[in-house]
Amino acid sequence: MESTEPSPQPRPPLIQVQSVVKKYTRDTQVLTVLDGLSLTVDAGDFVALMGPSGSGKTTLLNLIAGIDRPTSGRVLVGADEVSAMSESALAKWRSRHVGFIFQLYNLVPVLTAYENVELPLLLTPLSRAQRRKQVELALSIVGLSDRMDHTPRQLSGGQEQRVAIARAIGTDPTLLVADEPTGDLDARSGEEILVLLERLNDEFHKTIVMVTHDPKAAAKAHRLVHLDKGVLEEDVRAAGSGG
Amino acid sequence: MIRFLPLVLKNVFRKKTRSVLTIASILLPLFVICILGTLLAALDADPSGGKGMFRLTVRHRISITNFLPEAYLPKIRQLPGVKEVTVMNWFGGKYVDNSAKNFFARFAIDPEPFLRVFDEATVVEGSTAEWMNDRSGLMVGQVLMGKYGWRLGQQITLKGDIFPGIYTFTIRAVFKGADESGVYFDRRVLEEAVPRFKGLVGLFWIKCDSVQTVERLPKEIDAMFENSPYPTKTETEKEFQNSWVSMLGNVRLLITSITTIIVLVILLIAANTMAMSARERVTEIAVLRTLGFQRGTILGLVLGESVLLSLFGGFLGVALFVLSFPGFKQGMLSSPMGGFAAGMRLFPGILALGFGITLLVGLLSGLVPAIRSAQRPIADGLRQVG
Ligand SMILES: Nc1ncnc2c1ncn2[C@@H]1O[C@H](COP(=O)(O)OP(=O)(O)OP(=O)(O)O)[C@@H](O)[C@H]1O
Ligand SMILES: [Mg+2]
């Protein structure tokens with residue numbers, strides 16, 4: 001998580017989604033959610049994924065993050081072919097390479113902010129002291145060093161989401177995926193979260209893929225991708241925002 | 001896995017009321033299981049400290065209420081392997097009244113041989129000499145002394161029914177080691193009071209020199225009196241005692257069935273709790289797996305939670321039993337079951353059984369929710385609202 005100057009030369013694509021098809025079968029009905037979709041995301045990019053409800057945004061995000069597998073096609077992240085990994089290899093891969101931010105924060109309610117952030121670190125061989133350093137660093141980045149011992153119930157929505165972000169960056173992953181991270185927040189807290197994501201992208205070079213319905217949120221991204229009826233409809237470089 | 005313990009512990013007490021109720025519903029049945037198990041074990045226990053395996057009893061084949069002639073005594077005594085024989089006549093009768101709480105064993109015996117047959121009995125108050133020198137001397141088990149608060153030298157009046165009359169005895173000796181809830185006196189007292197009973201014997205109690213003799217003698221003795229008007233039934237002390245127990249109905253089967261049902265009920269309760277708490281946490285578990293928790297880890301977390309929950313209840317139940325045991329035993333000793341209660345102690349096997357049952361309940365109740373949680377696809381879990 002150390003801050004270095006951005007390198008001037010173009011980076012190779014971090015994410016390659018190649019002709020991905022995703023179908024769900026319910027009883028006898030087959031629902032094709034993604035139909036031969038391809039997408040590349042450069043390392044260090046900040047992509048906003050928009051589209052109507054039910055268009056397959058979450059589905060696509062899950063495929064990229066290795067939570068789900070495509071019916072056909074390939075998903076590569078870095079050098080890893082995510083779509084071909086075994087269940088347990090994927091779990092290990094996710095814990096190392098991906099940070100997750102959800103709309104409803106999804107913190108563990110019985111754990112304190114500190115313990116929530118420590119959770120993914122428990123899966124690493126780090127010692128207790130090393131984990132403490134990582135947790136404290138992550139919480140200081142999101143500005144919640146003074147709330148370590150608070151449980152989710154004692155935090156506001158915006159603070160909960162910041163803890164969730166701290167949890168996502170604690171293991172220092174290359175990729176952050178966020179599914180409507182501001183969807184449940186008021187404008188002010190949402191803005192804080194977006195500023196934080198921008199900073200993680202800028203300062204810490206996290207590649208971010210964010211699903212959002214909010215044009216204001218999308219405007220913070222460097223790139224906007226529109227998904228409709230299972231296909232990528234638009235792919236526009238957002239003008240005049242950071243990148 | 002140890003680093004996940006705090007998480008598991010916090011999950012156990014996530015819903016405090018529910019956890020406390022579940023723990024209570026394991027605790028109380030487990031307490032009952034410990035009591036029942038201890039009773040059952042006490043039936044099997046050998047208060048003679050192993051000496052009982054050298055002893056045989058001889059009674060009339062028809063029933064315990066039919067008498068045998070005293071003439072059998074020398075015949076049995078001269079058999080090879082027989083070390084000692086005493087007559088034991090069941091006095092019956094009543095002390096104060098016929099209520100169950102005033103029931104205890106009263107035997108008319110031959111003092112000298114009696115002490116040699118039951119040589120594990122040791123006199124703790126008074127002396128055997130004083131007892132034997134006083135024809136109406138009474139030897140009393142320590143437990144019974146305690147129950148009534150009797151003193152050495154105190155006079156005890158028993159009213160006879162099988163042997164009509166009122167008999168007053170003086171406590172001359174207090175013993176421990178054998179059946180401590182009974183009283184013993186010289187059978188000549190009865191013969192003098194009711195001459196028609198002279199020469200009649202309810203039971204012969206034999207001490208053998210070896211286990212081989214114990215195996216050989218019953219057939220030999222029963223064959224010896226086979227064709228007489230008083231055929232015998234010879235059995236080991238254990239068999240004899242157990243035949244009393246089976247007279248109480250099939251206690252063993254009853255206790256075992258009750259225990260099994262209790263175990264099944266707490267299993268259902270615990271399983272219900274675990275199923276509920278796993279259902280409430282579908283999203284949370286999906287999030288953990290998203291973060292990289294393996295299926296096996298999730299399985300372990302849910303199972304660990306159910307085992308811990310169950311063990312909490314089990315531990316408290318066993319602890320409650322251990323703490324209340326002295327009082328419970330005291331209460332049992334003063335009841336008509338006093339004879340069995342004498343063999344009651346904190347059997348390590350029963351306490352272990354208690355923990356074993358708890359562990360089993362924990363594992364079984366958590367198994368289905370744990371497998372379900374671990375198997376559900378992450379994407380499905382994340383979609384679930386709640
Ligand atoms: N496990 C599943 N089984 C069947 N259908 C599914 C499953 N998961 C998703 N779908 C369907 O796939 C389609 C796309 O779902 P997805 O969640 O990706 O949409 P979305 O773009 O994220 O929508 P929203 O903006 O409402 O979150 C929907 O029609 C949904 O009902
Ligand atoms: Mg969605």
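What you see is a predicted model, and the numbers here were worked out from it, not measured in a lab.

(A) Molecular detail of the domain arrangement of chain B. Its domain assignment divides chain B into domain 1 (2-46 + 249-385) and domain 2 (62-230). Its C-alpha centre places domain 1 of chain B at a distance of 47 Å from the equivalent point of domain 2 of chain B.

(B) Structural context of the pairing of strand β8 (residues 165-176) of chain B. Residues and elements named next belong to chain B. For strand β5 (residues 122-126) and β8, the ladder comprises four bridges, and the chain directions are antiparallel. Bridge pairing in β8 places E125 opposite V174. Bridge count for strand β6 (residues 137-141) against β8 is five bridges, and the pairing is parallel. What sits directly across from V140, in β8, is V174. Judged from the six bridges that link them, strand β7 (residues 155-160) and β8 form a sheet pairing that is antiparallel. Within the sheet, the bridge partner assigned to G160 lies in β8 and is G165. Here β7 folds back onto β8, and the loop between the two strands holds four residues.

(C) Representation of the side chain of E237 of chain B within the structure. By the element assignment, E237 of chain B lies in helix α9 (residues 237-247). Here R55 of chain B takes part through its side chain, which lies 2.4 Å from a polar atom of the side chain of E237 of chain B.

(D) Looking closely at the nonpolar core. In this structure, I15, L60, L119 and L175 of chain A are the most contacted members of the largest nonpolar core, which totals 59 residues. What L119 of chain A contacts, discounting residues up to four positions off in sequence, is V108 and L111 of chain A together with L7, L288, L291 and F293 of chain B. Counting residues in each nonpolar core, the second largest holds 39 residues, with F46, I101, A164 and A166 of chain A among its members.

(E) Looking closely at the site of ligand 1. By nearness alone, 16 residues border ligand 1, and S53, K57, T58 and T59 of chain A together with R383 of chain B come closest of all. Taken together, the residues near ligand 1 originate from chains A and B. Between G56 of chain A and ligand 1, the recorded distance is 3.0 Å, taken from a backbone N or O atom to an oxygen atom. In this structure, an oxygen atom belonging to ligand 1 sits 2.5 Å away from a side-chain N or O atom of T59 of chain A. Surface burial for ligand 1 is 75%, taken as the share of its 640 Å² of free accessible area covered by protein chains. Elements with a minimum of two residues in the shell around ligand 1: β1 (13-26), β2 (29-42) and α1 (57-64) of chain A together with α15 (378-383) of chain B. For the shell around ligand 1, the element with the most residues is α1 of chain A, which contributes three residues. For the shell around ligand 1, the class distribution of residues is four nonpolar, seven polar and five charged.

(F) Region of interest: a nonpolar patch on the surface. A cluster of nonpolar residues, L360, L364, L367, V368 and I371 of chain B, forms a patch on the protein surface that exposes about 420 Å² of accessible area. Position of L360 of chain B relative to the elements: it lies in helix α14 (residues 348-375).

(G) Seen up close, the packing of helix α5 (residues 157-169) of chain A against helix α6 (residues 187-202) of chain A. Residue and element names in this part refer to chain A. Direction vectors running N to C along α5 and α6 enclose 20°, while the axes themselves pass 9 Å from each other. In terms of axis orientation, α5 runs roughly parallel to α6. As for how α5 packs across α6, the hand of that crossing is right-handed. Side by side, α5 and α6 meet where G158, Q161, R162, I165 and I169 of the first sit next to S189, E192, I193, L196, L197 and L200 of the second. Residues that form the contact of α5 with α6 fall into these classes: six nonpolar, three polar and two charged.

(H) How the structure looks around the packing of aromatic side chains. All names here are of chain B. In this structure the tally under the stated criterion is 28 aromatic pairs over all chains. Their ring planes at 65° and their centres at 6.4 Å tell us that F31 and F321 sit as a pair that is edge-to-face. Taken as a pair, F31 in helix α2 (residues 16-44) and F321 in helix α12 (residues 295-333) lie far apart in primary sequence, 290 residues in all. For the pair F31 and F321, a shared accessibility class is recorded, and that class is buried. Taking the centre distance of 5.9 Å and the plane angle of 70° together, the rings of F104 and Y148 count as edge-to-face. Taken as a pair, F104 in the loop between β3 (82-90) and β4 (105-109) and Y148 in helix α6 (residues 142-148) lie far apart in primary sequence, 44 residues in all. Among the aromatic residues, ring-to-ring pairing joins W90, F103, F107, F114, F118, W131, F175, Y184, W205 and F240 into one connected group. Lying over the aromatic face of F104, R106 brings its terminal NZ or CZ to 4.1 Å of the ring centre.

(I) Main features of the packing of helix α10 (residues 251-280) of chain B against α12 of chain B. All names here are of chain B. Viewed as axis vectors pointing N to C, α10 and α12 meet at an angle of 140°, and their least axial separation amounts to 11 Å. By the criterion of interaxial angle, the relationship of α10 to α12 is oblique. Crossing of α10 against α12: the hand is right-handed. Facing T273, M274 and S277 of α10, the residues of α12 in contact are V302, E305, S306 and L309. Broken down by class, the residue content of the contact of α10 with α12 amounts to three nonpolar, three polar and one charged.

Parameters at a glance
Residues numbered from 1 in each chain as written. Chains lettered and ligands numbered in written order. Predicted model: local features only at pLDDT ≥ 70, side-chain atom pairs only at ≥ 80, totals over all residues. Heavy atoms only, no water. Domains from an automatic or database assignment. Pairing = 2+ DSSP bridges. Helix = DSSP H or I, 4+ residues; strand = E, 2+ residues; numbered from the N terminus. Polar contact = N/O pair within 3.5 Å; in protein donor to acceptor, adjacent residues only side chain to side chain. Core = buried A, V, L, I, M, F, W, Y, C linked by side-chain atoms within 4.5 Å. Buried < 20%, exposed > 50% of the residue type's maximum accessible area, 1.4 Å probe, protein only. Contact = heavy atoms within 4.5 Å. Near = heavy atom within 4 Å. Areas by Shrake-Rupley, 256 points an atom, 1.4 Å probe, with all protein chains shown as cover. Nonpolar A, V, L, I, M, F, W, Y, C, P; charged D, E, K, R; others polar. Patch = residues over 30% accessible without salt bridge, like charges linked within 9 Å, V, L, I, M, F, W, Y side chains within 5 Å. Salt bridge = Lys/Arg side-chain N within 4 Å of Asp/Glu carboxyl O. Axes fitted to C-alpha atoms, helices over the stretch in contact; angles between N-to-C directions. Parallel < 35°, antiparallel > 145°, perpendicular 65-115°, else oblique. Left-handed = near helix turned anticlockwise from the far one by under 90°. Phe/Tyr/Trp six-rings, centres within 6.5 Å; stacked < 30°, edge-to-face > 60°. Lys NZ or Arg CZ within 6 Å of the ring centre and 35° of its normal.

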